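# Examination of the molecular architecture
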Amino acid sequence: MIRKVAVLGSTGSIGTRALEIVHSRPELELHSILCNRNIDLLLKQKERYRPSVTAIASPRGECPEDVITGQDILEKAIDGADIVLNAIVGSAGLQASLICRDRGITLALANKESLVIGGELLKDYISSGGIIPVDSEHSTIFRCMHLEPRPVRGITLTASGGSARGIPVDRLHNAGPDEILDHPTWDMGTRITVDSATMVNKAFEVIEARWLFADIPVNVVVHPQSIIHSFVRLEDGCWKALLGNPNMKIPIQYALQYPDRELEVISDDKPISWGSLDFSELDRVRYPAFDIVMRAGLDGKTWPAAANAADEVAVEAFLERKIRFGDIAAVIEEVLAEHDAFEISDVETVMAADREARLEAERIVKRLC
Ligand SMILES: NC(=O)c1ccc[n+]([C@@H]2O[C@H](COP(=O)([O-])OP(=O)(O)OC[C@H]3O[C@@H](n4cnc5c(N)ncnc54)[C@H](OP(=O)(O)O)[C@@H]3O)[C@@H](O)[C@H]2O)c1
C-alpha cells in the first residue's frame, strides 16, 4: 500500500534529503511540503516533486494561489498524510508534533526541540509507538534495541565534537561563523551546526533520549570520526552499535519505511576506509554550554524550553556577528538564571516560557553587542 508522506521543513537540510528518498521509493507518495519563507526553493520542489499540498508559513511577498499560507497551514499540510516527517528547526516544530499526536498520525521526528521543550506533552504518544526518531543517534538506539529481548543497561551517544574540537580553547571564544559552520563530519543546517560546536546539541540529544527511551541511563562519549552513531550496552555488558559514514538519508529512510518495508542501499563504505576509531571524555572546559543545558534538562518543567529559546536567539545573533561564539553559553546561563519555571500541563505553558526567555535573551544580546 502507498504511504503518503508530509515533509515539514522541506527546504532544509533534512527536508531536501527526505524529498529525494520519497521520490526514489514507489511505495512512498509525497503528500505535502512546508517551509518557513524560502519560496524560491519551495516552488522548485513543488514543480519537481508534485505534492498535493504546498504550504509556506511566513512568505515575504505574494505567493501563487496554489501555495497555501495563513492560519491552520500545519493542519492543512498534515491532514491526509500517513506519516509526517517533522524537519522544522526550533521550537516552531512543537505544534506540528502535537497535531500528529492529536490525529494519531505516525511522526518521523527530526525536530528534537519537540521533545526537548515538550517531551511531557508527547510522552504518551512515544509509549504508544507513535514516534520514530530521525536524529541519527536516536535512530541508531531505536534500531539497536529492536528485537532485544531484555532491557538494556545504558545508552551512549557519540559526539563528533563539532568544529570547536580543532580550535584551541584560548581562541574559541572569538571564533567566527565561517570557522564554526565548517563541521568536520556532518553537513547540516546552520543552527544545529553551531549547536554541535557548543555541544548544546548533544545536551538536547540526551534530553531527547531520556524521553524516547525512558528510564535507561544515557551518557556521552566524544568520537571524532562519527562512524559509530551511538551504542547501547546490553545486560551482559556487550555493546551494540550501528556503524557507517555519516549520512542522514539512512535514518530518514529507516523512519519513513518503518516497520517492515524494504531499505535501499544508501552507503556502501567499507571498514577499511574508516581508519582508526577514537573515543574520549567530553571536555567540560571546551564545551561549557553542555552542562548548563544538561542542568536545565535535569530540572525539567519549562527549564529546557527557556534554554532552547535562549540558544535560538544567541545562535542567530552569533551568525549575524552581533555576539561572539563564547557568548552563546553566557546568554543561555543568564536567561536560565532569570527564568521562573512552571510545570508543563499544556502547550501554552511551554510557549509562554519560550516567549519570555526569547525576550530576555534579546535584551542580553543587545547589551553584549
Ligand atoms: N541537519 C541534520 O543533519 C540534522 C540531524 C539531526 C537532527 N536534525 C534536526 O532536524 C531539524 C531540522 O534541521 P535542519 O538542519 O534540516 O534545519 P535547516 O536546514 O535550518 O532547515 C529548517 C527547515 O525548517 C523550516 N522552518 C523554520 N521555521 C519554520 C516555521 N516556523 N514553520 C515552518 N517551517 C519552518 C525552514 O524553512 P525555510 O527554509 O523557509 O527557512 C527549513 O525548511 C532540527 O530540529 C535539527 O535539530 C537535523
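Owing to the predicted nature of the structure, the values given are computational and were not obtained by experimental measurement.

Another aspect to go through is the packing of helix α4 (residues 94-103) against helix α5 (residues 113-127). Running from N to C, α4 and α5 point in directions that differ by 10°, and their axes come no closer than 10 Å. What the angle tells us is that α4 and α5 run roughly parallel. Residues Leu 94, Ser 97, Leu 98 and Arg 101 of α4 form the contact with α5, whose participating residues are Glu 113, Ser 114, Ile 117, Gly 118, Leu 121, Leu 122 and Tyr 125. Taken together, the residues of the contact of α4 with α5 sort by class into six nonpolar, three polar and two charged.

In this section: the sheet that holds strand β3 (residues 53-56). Spatial strand order, β3-β2-β1-β4-β5-β6: six strands in an open sheet with parallel pairing. Edge strands, defined here as strands with exactly one partner in the open sheet, are β3 and β6 (131-133). Shown here is a sheet whose adjacent strand axes are inclined to one another by a mean of 20°, direction ignored. The pairing of strand β4 (residues 83-86) with strand β5 (residues 106-109) spans four bridges and is classified as parallel. Bridging from a neighbouring strand, Asn 86 pairs with Leu 109 of β5.

Below, the discussion takes up the sheet that holds strand β7 (residues 154-159). Paired through their backbone hydrogen bonds, the strands of a sheet run either parallel or antiparallel. On the basis of which strands lie adjacent, the open sheet formed by four strands has the order β8-β7-β9-β10 and mixed pairing. The strands lining the two open edges of the sheet, one partner per strand, are β8 (218-222) and β10 (239-243). Strand-to-strand twist in this sheet, taken as the mean axis angle between neighbours without regard to direction, amounts to 20°. Alignment of strand β9 (residues 228-233) against β10, held across four bridges, turns out to be antiparallel. Pairing of Val 232 across the sheet is with Lys 240, part of β10. Against the sheet, helix α6 (residues 136-145) engages β7, β9 and β10, with an angle of about 40° to β9.

The next subject is the domain arrangement of the protein chain. Structurally, the protein chain comprises domain 1 (3-134) and domain 2 (149-239 + 279-368). Each side of the interface is counted separately: domain 1 has 19 residues, and domain 2 has 19 residues. Residue assignment for the side of domain 1 that touches domain 2 shows that the elements contributing at least two residues are α4 and α5. Sorting elements by how many residues they give to the side of domain 1 that touches domain 2 places α5 first, with 10 residues. Broken down by class, the residue content of the side of domain 1 that touches domain 2 amounts to nine nonpolar, six polar and four charged.

With 113 residues, the main nonpolar core has Ala 314 and Ile 332 as its most contacted residues. Per element, the largest residue contribution to this core is 11 residues, and it comes from helix α13 (residues 303-319). Apart from the residues lying within four places of it in its own chain, the contact partners of Ala 314 are Ile 323, Asp 327, Ile 328, Val 331, Ile 332, Ala 361 and Val 365.

How each quantity is defined
- Residues numbered from 1 in each chain as written.
- Predicted model: local features only at pLDDT ≥ 70, side-chain atom pairs only at ≥ 80, totals over all residues.
- Axes fitted to C-alpha atoms, helices over the stretch in contact; angles between N-to-C directions.
- Helix = DSSP H or I, 4+ residues; strand = E, 2+ residues; numbered from the N terminus.
- Parallel < 35°, antiparallel > 145°, perpendicular 65-115°, else oblique.
- Contact = placed C-beta atoms within 7 Å.
- Nonpolar A, V, L, I, M, F, W, Y, C, P; charged D, E, K, R; others polar.
- Pairing = 2+ DSSP bridges.
- Domains from an automatic or database assignment.
- Core = buried A, V, L, I, M, F, W, Y, C linked by C-beta atoms within 7 Å.
- Buried ≥ 20, exposed ≤ 12 C-beta atoms within 10 Å, placed from the backbone.

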